[in-house]
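Notes for the structure review
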Amino acid sequence: MYSFMNDYSEGAHPRILELLSKSNYEQNTGYGEDIHSNKAKDYIKKHLRNENVDIHFIPGGTQTNLLVISSFLRPHQCIIAAETGHVNVHETGAIEATGHKVVTVPSKDGKVTPSAIEQVLNYHTDEHMVQPKMVYISNSTELGTIYKKEELSALHQICKSKGLLLFLDGARIGSALTSKPNNLELPDIAGLVDVFYIGGTKNGALLGEALVICNQKLKEDFRYLIKQKGALMAKGFVTGIQFEALFQDNLFFELGSHANEMADKIALILKECGYSFYTEPCTNQLFPILPNSLLEKLSKGFLFSIQFKADDQNTVVRFVTSWATTLESVDALSNFFIKNSK
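Fair warning: this is a prediction, and the values are worked out from it, not measured in the lab.

1. Details of the overall build of the protein
Counting its secondary structure elements, the protein contains 14 helices and 14 strands. For 342 residues, the compact-globule estimate of 2.2 N^0.38 gives 20 Å, and the C-alpha radius of gyration of the protein, at 20 Å, lies within 12% of that figure. When burial is assessed residue by residue, the protein has 57% of its 342 residues classed as buried. At a minimum sequence separation of 6, the contacts of the protein that also span at least 24 residues come to 72%. In the protein, the 33 positive side-chain charges and the 38 negative ones have mean positions that sit 0 Å from each other.

Written as structure tokens, this is what we have:
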């Protein structure tokens, strides 16, 4: 049985485990104020080419989203997100539980546009409705698509002109930044958003996200808020060590590239076999449209997730590759489709 269910099924890259093992008997300062966390922050800042950001290591993505949104919005304010956004469909109402509404906009490709933001602002005009204050986007999106530099710049411009904060969920930013059509780099993102995070959980780490606060006005007292929300780990050095290993060289990007390369191989075979996609493949998440008659047979040898019905005869499924996906598993899936091609 080969798994294409997600990109966090495996443990961690050997170089991360090696550094964790090497430092295992060190006595480190707690709560992310250790030498490894500081090294990791320095490495990330070099990749960002920006020394004026604050970096905090948070255990997981949902906790990071909750922290950012609940910390930076006032009680009467809300966020704008695509209807497919992670904060809307995959976090069990975590954002609403903090008292902040998620106002969604329709989006076939998982991306938010300036015109969609304008529509929300035109509708929310007075104190009888929640006040939009933040735009939430993810790169790559929940549908495997990416924001190009011109798209992110357009979002930056409208958010700046309308007094909105722009927050980028980077759980899969490794895959986004190493995809073939991408023209964004980490320094671009740091210059165009108020806050974003670099996902480790889905790109080779055991766990953890590196939250980057770019807006000077948002930095004050944030460690208090991390602690209050239960995200300031006593053994913060465990996360710091992982990001030290990921960013002391280009390992983070190498892992994202590998996941994309494996997905590219699968996408090519699927196209050659006559299958289409719900969104054009470009990252490590693939959304092919498969005939219902094929799903039971496919499920006997592979793990994957079913998204929704495309029509009465076909279903959109999701295949996800990771930093640890092997050629053996890719070849097995490819051979399955070759044998069962249209």
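2. Quick look at the sheet that holds strand S5 (residues 131–138)
As summarised here, the arrangement of the seven strands in space is S2-S8-S7-S6-S5-S3-S4, forming an open sheet in which the pairing is mixed. Taken across any chain shown, the strands that pair with only one partner, and hence form the sheet edges, are strand S2 (54–58) and strand S4 (102–105). On average, each strand axis in the sheet is inclined to that of its neighbour by 25°, with strand direction left out of account. Pairing of strand S6 (residues 165–169) with strand S7 (residues 195–199), which is carried by two bridges, proceeds in the parallel orientation. Bridge pairing links phenylalanine 167 to valine 195 in S7. Across the sheet, helix H11 (residues 237–247) lies against S2, S7 and strand S8 (209–213), angled at about 120° from S2, the strand it touches most.

3. Remarks on the environment of tyrosine 147
Here tyrosine 147 is to be found in the loop between S5 and helix H7 (149–162). Residues tyrosine 147 and alanine 176, 29 residues apart in the sequence, show an inter-C-alpha distance of 8.3 Å. Other than its neighbours up to four places away in sequence, tyrosine 147 contacts Gly110, Lys111, Val112, Ile137, Ser138, Asn139, Thr141, Leu155, Asn182 and Leu184. Polar side-chain contacts of tyrosine 147 include one of 2.8 Å to the backbone nitrogen of valine 112.

4. Some details on unusual backbone geometry
Residue serine 140 follows asparagine 139 across a cis peptide bond; omega there is 0°. Locating serine 140 in the fold gives a position in the loop between S5 and H7. Phi at tyrosine 31 takes a positive value of approximately 60°, unusual for a residue other than glycine. One non-glycine residue, aspartate 221, lies in positive phi territory at about 65°.

5. Quick notes on the environment of isoleucine 58
Mapped onto the secondary structure, isoleucine 58 falls in strand S2. C-alpha separation for the pair isoleucine 58 and glycine 236, spaced 178 residues apart in sequence, amounts to 8.7 Å. Among residues more than four places away in sequence, those in contact with isoleucine 58 are Gln63, Thr64, Leu67, Gly208, Glu209, Leu211, Ile226 and Ala231.

6. What about the packing of helix H12 (residues 251–272) against helix H14 (residues 327–339)?
Between H12 and H14, the shortest axis-to-axis distance is 9 Å and the interhelical angle comes to 10°. Taken as axis vectors, H12 and H14 run roughly parallel relative to one another. Residues Met262, Lys265, Ile266, Ile269 and Leu270 of H12 pack against Leu327, Val330, Leu333, Ser334, Phe337 and Ile338 of H14.

7. Some thoughts on the packing of helix H6 (residues 114–123) against H7
Interaxial distance between H6 and H7 falls to 9 Å at its minimum, and their mutual angle equals 25°. Accordingly, the angle class assigned to the pair H6 and H7 is roughly parallel. Facing Pro114, Ile117, Glu118 and Leu121 of H6, the residues of H7 in contact are Ala154, Leu155, Ile158 and Lys162.

8. Some remarks on the nonpolar core
Among the nonpolar cores identified, the biggest contains 55 residues, and Phe196 and Ile198 are the most heavily contacted of them. Leave out the neighbours within four places in its chain, and isoleucine 198 touches Ile44, Gly170, Ile173, Leu186, Glu209, Ala210, Val212, Phe243, Phe247 and Phe252. Core analysis: the next-biggest nonpolar cluster, separate from the first, contains 25 residues, Phe72, Met134, Leu211 and Ile213 among them.

9. Overview of the pattern of salt bridges
One pass over the full model with this rule turns up nine salt bridges. Here aspartate 188 makes a salt bridge to lysine 149, at a shortest N to O gap of 3.4 Å. Of the two residues, aspartate 188 is situated in helix H9 (residues 186–192) and lysine 149 in helix H7; the sequence distance between them amounts to 39 residues. Owing to a relative accessible area of 34%, lysine 149 belongs among the partly exposed residues under this scheme.

10. Some words on the packing of aromatic side chains
Where two aromatic rings form a pair, the distance of their centres and the angle of their planes describe that pair. If you walk through the whole model with that rule in mind, you get 17 aromatic pairs. A centroid spacing of 6.5 Å and a plane angle of 40° characterise the contact between phenylalanine 4 and phenylalanine 302, whose relative ring orientation is tilted. Taken together, the residues span a long stretch of sequence, with phenylalanine 4 in the loop between strand S1 (2–3) and helix H1 (14–22) and phenylalanine 302 in strand S12 (residues 302–303) at a distance of 298 residues. Note on phenylalanine 4: relative accessible area 0%, which makes it buried. With a relative accessible area of 8%, phenylalanine 302 lands in the buried category. Taking 5.8 Å as the distance between ring centres and 70° as the angle between the ring planes, the aromatic pair formed by phenylalanine 304 and phenylalanine 319 counts as edge-to-face. In this pair, phenylalanine 304 is assigned in the loop between S12 and strand S13 (305–309) and phenylalanine 319 in strand S14 (residues 314–320), connecting sequence segments 15 residues apart. As far as burial versus exposure is concerned, phenylalanine 304 and phenylalanine 319 are alike and both buried. Aromatic ring contacts, followed pair by pair, group Tyr2, Phe4, Tyr275, Phe302, Phe304, Phe319, Phe336 and Phe337 into a single cluster.

The rules behind the values
- Residues numbered from 1 in each chain as written.
- Predicted model: local features only at pLDDT ≥ 70, side-chain atom pairs only at ≥ 80, totals over all residues.
- Heavy atoms only, no water.
- Helix = DSSP H or I, 4+ residues; strand = E, 2+ residues; numbered from the N terminus.
- Rg over C-alpha atoms; globule rule 2.2 N^0.38 Å.
- Buried < 20%, exposed > 50% of the residue type's maximum accessible area, 1.4 Å probe, protein only.
- Contact = heavy atoms within 4.5 Å.
- Lys, Arg positive; Asp, Glu negative; His and termini not counted.
- Charge placed at Lys NZ, Arg CZ, Asp CG, Glu CD.
- Pairing = 2+ DSSP bridges.
- Axes fitted to C-alpha atoms, helices over the stretch in contact; angles between N-to-C directions.
- Polar contact = N/O pair within 3.5 Å; in protein donor to acceptor, adjacent residues only side chain to side chain.
- Parallel < 35°, antiparallel > 145°, perpendicular 65-115°, else oblique.
- Core = buried A, V, L, I, M, F, W, Y, C linked by side-chain atoms within 4.5 Å.
- Salt bridge = Lys/Arg side-chain N within 4 Å of Asp/Glu carboxyl O.
- Phe/Tyr/Trp six-rings, centres within 6.5 Å; stacked < 30°, edge-to-face > 60°.

Function cannot be read off these values alone, since they describe shape.
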